[in-house]
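Each chain, written out:
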Amino acid sequence: MDDAPLRTNPTGRIAAPDAARYLSGKLGRPVEIESLKQTYPGFSRQTWLVQARVGGEPQGLVIRLDPPWGASVPTSLKHEWSVYQRLWGTAVPVAEPLWYDEGQDFAEGRALMVRRMVEGGSTIPGLTEPTAAGAALRRQVVEEHVGKLAALHGLDWKALGFGGFIAAPPSAAEALRFEYDWWVRDWADRRSEPFPLVTEFLCWLGEHIPSDTPRVSIVKGNNGVGEEIFRDGRLVAMSDFELASLGDGVLDLAFSQGTLDLIPYADAVRLYEQATGTTVSPERLAFATLWIRFKSLANVNGYAFYGLRNHGDFRTTCAALGLVMSKGVQNTLAACIGKDLLSASQLLAPRGSSYASLAR
Amino acid sequence: MSRSNDVQPSVAELARVIARTLETYVIPELPRSSWSSGYLHSALVLLAHIEARSAGERPMLVEEGAQLTALLSEARGLAAATPEARELLAEIDAALGLPAPALATAEAAELDARNTALARALNSLIVWTYAHKAAAASAYAPRLLELFAGYRTAAAARGVALLGDAVGKPIF
């Protein structure tokens, strides 16, 4: 691990007066900042919530930017910005993207994007209440989330221009193989150590890649409660597209951070099938469940921990995830080797497919 | 758990004391789902890992090196007459040919560096075996897969030992 270079602003904190000056210049009106707060945990990128008066009018803005050590994901912020730009105005709700910028002094030159704040929150009050009302809310949230995922997966990605900045698989049948090949190459380049157990897991999994993907879709990546903005039980904005790709939408079912487990998982999958008019084969779902566990490992070890080893990221979360939890996930994956796909996926509950739940 | 020749109190004991203090006196005072709480939880995970490493890392590195050497040596013998394995054998030979650290005196970093080179060769062997198990390596692939399974079992156990009490602790 290299010694981190000394920085004048090692955490990448934004100062309100600097942000106000910058926003005033961009908006062409005086901006007074009433509050400026960084969201938690902000693992991959920083997100700052700005409550301001713009020309005297109250406005909420969100500044998303790379931390000083770079993002803990394989895509650039420009990639994420492009996703917002193309989704804005479609059936998939996102916050209005305002602008993308680089090279600004107030952010030490880091890439940043600004979007309008959507009223709501990433947590949902009452969601875990053990009451009939709590159960009804959980079902509503799952239905909302599945509906929005289905809308995303049903978009015409070619017409929206997604093929212009995201590599697309050659066909639906090759979607999961395409995803597999990309991440296996990337993992080999960035892992912190050889991980032979993971190598054998990938060799074994490579023999079980389904090809019954019904269509190529826009895949969100990490999704669910904690990522998206909800208001009154409704999903009003999908957020944080750092892992957006083109491929098999089934991957999103396995990367929902426990959201689809708020009701029996099979019911959630059935809702998704009804909403998309497609069938989710047990093999695709099993592959996705296993794959997302590997993909989470590839992100925390290959990106978050990589940043700690090479770019001065000093967050204990990155070390704990990239070093300690990687070993735990490695062992889980190794236990799958030699089994059939469905039996192997039973070793991994659908929940546990997020960065956060990796740690639980 | 600590080696008897450790300076007392040992690194493991100190890590444990720090963790207990933080858990007892600091964590309860912090708001849940906050930056301070999240970083402290992950620091506790790392302290548990430090404790486990300081107590058992070196013997595990020695054990791993011996296992990797034995596995690659046997695999090398099995594949020696397979023309398709020429490149693989050269890689295995290069890894096995690295100077072996003197076990009694070697620093953990030296042991780890050699193990890493051997594990890279194992990676290549695994990939090659899966690609050739139905054809060029069919005669001895079952034995190679057995060797891999043995390595998995031991490596997983070492991994668990190095996680120590970090298992099950929240990171965020």
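See the structure shown above.
What counts and what doesn't
Residues numbered from 1 in each chain as written. Chains lettered and ligands numbered in written order. Predicted model: local features only at pLDDT ≥ 70, side-chain atom pairs only at ≥ 80, totals over all residues. Contact = placed C-beta atoms within 7 Å. Helix = DSSP H or I, 4+ residues; strand = E, 2+ residues; numbered from the N terminus. Nonpolar A, V, L, I, M, F, W, Y, C, P; charged D, E, K, R; others polar. Axes fitted to C-alpha atoms, helices over the stretch in contact; angles between N-to-C directions. Parallel < 35°, antiparallel > 145°, perpendicular 65-115°, else oblique. Left-handed = near helix turned anticlockwise from the far one by under 90°. Core = buried A, V, L, I, M, F, W, Y, C linked by C-beta atoms within 7 Å. Buried ≥ 20, exposed ≤ 12 C-beta atoms within 10 Å, placed from the backbone. Pairing = 2+ DSSP bridges.

Draft legend 1. Up close: the interface of chain B and chain A. Between chain B and chain A, the contact holds 32 residues from the first and 27 residues from the second. Looking at the side of chain B that touches chain A element by element, the count peaks at nine residues for helix α5 (residues 141–163) of chain B. Partitioned by chemical class, the residues of the side of chain B that touches chain A number 22 nonpolar, eight polar and two charged.

Draft legend 2. Quick peek at the packing of helix α10 (residues 316–334) of chain A against helix α2 (residues 35–79) of chain B. Close contact between α10 of chain A and α2 of chain B brings their axes to 8 Å; oriented N to C, the two are set at 40°. Judged by the inter-axis angle, α10 of chain A sits oblique to α2 of chain B. Once α10 of chain A is placed against α2 of chain B, the crossing between them reads as left-handed. Contact residues: α10 of chain A offers Thr-316, Thr-317, Ala-319, Ala-320, Leu-323 and Val-324 of chain A, while α2 of chain B offers Gly-38, Tyr-39, Ser-42, Ala-43, Val-45, Leu-46 and His-49 of chain B. Partitioned by chemical class, the residues of the contact of α10 of chain A with α2 of chain B number eight nonpolar, five polar and no charged.

Draft legend 3. Region of interest: the nonpolar core. Membership of the largest hydrophobic core comes to 142 residues, with the highest contact counts inside it found for Phe-201 of chain A together with Leu-72 of chain B. The biggest single contributor to this core is helix α9 (residues 282–310) of chain A, with 16 residues. Look past the residues within four positions of Leu-72 of chain B in its chain and what remains in contact with it is Ile-92, Ala-95, Leu-96, Leu-118, Ala-121, Leu-122 and Leu-125 of chain B.

Draft legend 4. Local environment of the packing of helix α3 (residues 132–154) of chain A against helix α8 (residues 265–276) of chain A. All names here are of chain A. Axis separation between α3 and α8 bottoms out at 9 Å; the angle between their running directions is 40°. Between α3 and α8, the crossing angle belongs to the class labelled oblique. α8 is crossed by α3, and the crossing has right-handed handedness. Only Ala-268, Leu-271, Tyr-272, Ala-275 and Thr-276 of α8 make contact with α3, whose side of the interface consists of Val-142, Glu-143, Val-146, Gly-147, Leu-149, Ala-150, His-153 and Gly-154. For the contact of α3 with α8, the class distribution of residues is eight nonpolar, four polar and one charged.

Draft legend 5. Focus on the sheet that holds strand β2 (residues 46–54) of chain A. Residues and elements named next belong to chain A. Strand order in the open sheet made by the five strands is β1-β2-β3-β5-β4, with antiparallel pairing throughout. Every interior strand has two partners, whereas the edge strands, β1 (31–38) and β4 (97–101), have only one. Within the sheet, the average angular offset between the axes of one strand and its neighbour, ignoring direction, is 20°. Where strand β3 (residues 57–65) and strand β5 (residues 112–116) come together, five bridges link them in antiparallel fashion. Within β5, the position partnered with Arg-64 by the bridge is Met-113. Against the sheet, helix α1 (residues 16–27) touches β1, β2, β3 and β4, its axis set at about 125° to β1. Packing of helix α2 (residues 77–87) onto the sheet brings it into contact with β3, β4 and β5, and relative to β4 it is tilted by some 160°.

Draft legend 6. Looking closely at the environment of Glu-32 of chain A. Along the chain, Glu-32 of chain A turns up in strand β1. In this structure, the C-alpha to C-alpha distance between Glu-32 of chain A and Ala-16 of chain A, residues 16 residues apart in sequence, is 8.9 Å.

Draft legend 7. Focus on the environment of Val-83 of chain A. Residues and elements named next belong to chain A. By the secondary structure assignment, Val-83 is in helix α2. Distance in space between the C-alpha atoms of Val-83 and Glu-242 is 9.1 Å, their sequence separation being 159 residues. Those residues in contact with Val-83 that sit more than four places away from it in its chain are Phe-241 and Ala-244.

Draft legend 8. Spatial organisation of unusual backbone geometry. Residue Gln-8 of chain B is joined to Pro-9 of chain B through a cis peptide bond whose omega torsion reads -10°. Position of Pro-9 of chain B among the secondary structure elements: in the segment before α1 (11–26). Backbone geometry at Asp-232 of chain A places phi at a positive 55°, although glycine is not the residue there. Residue placement: Asp-232 of chain A occurs in the loop between β7 (229–231) and β8 (234–237). For Gln-257 of chain A, which is not glycine, the phi torsion reads 55° and is therefore positive. In this structure, Gln-257 of chain A sits in the loop between α7 (250–254) and α8.

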